[in-house]
Amino acid sequence: MSASECIFCRIASGEIPADVVYRDDDVVAFRDTNPQAPTHVLVIPRRHVPSAHELDDAALTAALFAAMQRIADDQGLGDGYRVVTNVGPAAGQSVPHLHFHLLGGRTLGWPPG
Ligand code: AMP
């Protein structure tokens, strides 16, 4: 998939607007348009990685988690939050660009669906 075809590549480049809550050289985070919790942020790498199954860059992995820690602090999620990434159609991945769902602001049940 080319960057021009990928909606999250286009959000990362600024071509498509999003409610961005965090950005750095490697990572962009924005609010999910269909939130499943009071705080529901999607955290993505700027470069196109199809899913966590193809994530093989240790520095990028560290950057993504550092961003999530910072966003959780910024969003006041000290009571707890959840990080979820769906991989492939059977898990419900609907956008083929790696994204971590950062969910918080309510009690989260377990197990997930
Ligand atoms: P997944 O189903 O795990 O691939 O998650 C994709 C998520 O992207 C869903 O929760 C959608 O609501 C969200 N989403 C799709 N398009 C946009 C968009 N343009 N801006 C923000 N969130 C989006």
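Residues numbered from 1 in each chain as written. Predicted model: local features only at pLDDT ≥ 70, side-chain atom pairs only at ≥ 80, totals over all residues. Heavy atoms only, no water.

This next bit is on the overall build of the chain. Counting its secondary structure elements, the chain contains two helices and five strands. Listed N to C, the secondary structure of the chain is α-β-β-β-α-β-β in terms of helices and strands. For the chain, whose C-alpha radius of gyration is 13 Å, the value lies close to the compact-globule estimate of 13 Å for 113 residues. In the chain, buried positions account for 37% of the 113 residues. Long-range contacts, defined here as pairs at least 24 residues apart, represent 54% of the contacts in the chain between residues at least 6 apart. Summing over all exposed atoms, the chain offers an accessible surface of approximately 6,500 Å²; the carbon and sulfur share of this is 51%. (Helix = DSSP H or I, 4+ residues; strand = E, 2+ residues; numbered from the N terminus. Rg over C-alpha atoms; globule rule 2.2 N^0.38 Å. Buried < 20%, exposed > 50% of the residue type's maximum accessible area, 1.4 Å probe, protein only. Contact = heavy atoms within 4.5 Å. Areas by Shrake-Rupley, 256 points an atom, 1.4 Å probe, with all protein chains shown as cover.)

On to the environment of Pro96, then. Tracing the backbone through its elements, the reader meets Pro96 in the loop between β4 (81–84) and β5 (100–104). Of the residues examined, Pro96 reaches a relative accessible area of 38% and is grouped as partly exposed. Not counting residues within four places of it along the chain, the set of residues in contact with Pro96 comprises Met1, His48, Val49 and Pro50.

To continue, consider the side chain of His97. Following the sequence through the fold, His97 ends up in the loop between β4 and β5. Within the local environment of His97, its side chain forms a polar contact with the side chain of His48, the two groups lying 3.2 Å apart. Other than its neighbours up to four places away in sequence, His97 contacts Cys6, Phe8, Cys9, Ile44, Pro45, Arg46, Arg47, His48, Val49 and Pro50. (Polar contact = N/O pair within 3.5 Å; in protein donor to acceptor, adjacent residues only side chain to side chain.)

The next subject is the site of the ligand. Around the ligand, 16 residues are found, and the nearest of them are Asp32, Asn86, Ser94, His99 and His101. A distance of 2.9 Å is found between an oxygen atom of the ligand and a backbone nitrogen or oxygen belonging to Gly92. One of the side-chain N or O atoms of His101 is found 2.8 Å from an oxygen atom in the ligand. Elements represented by at least two residues in the shell around the ligand include exactly α1 (7–13) and β2 (27–31). With three residues, α1 is the largest single contributor of residues to the shell around the ligand. Along the lines of polarity and charge, the residues of the shell around the ligand split into six nonpolar, eight polar and two charged. (Near = heavy atom within 4 Å. Nonpolar A, V, L, I, M, F, W, Y, C, P; charged D, E, K, R; others polar.)

By themselves these figures say nothing about function.
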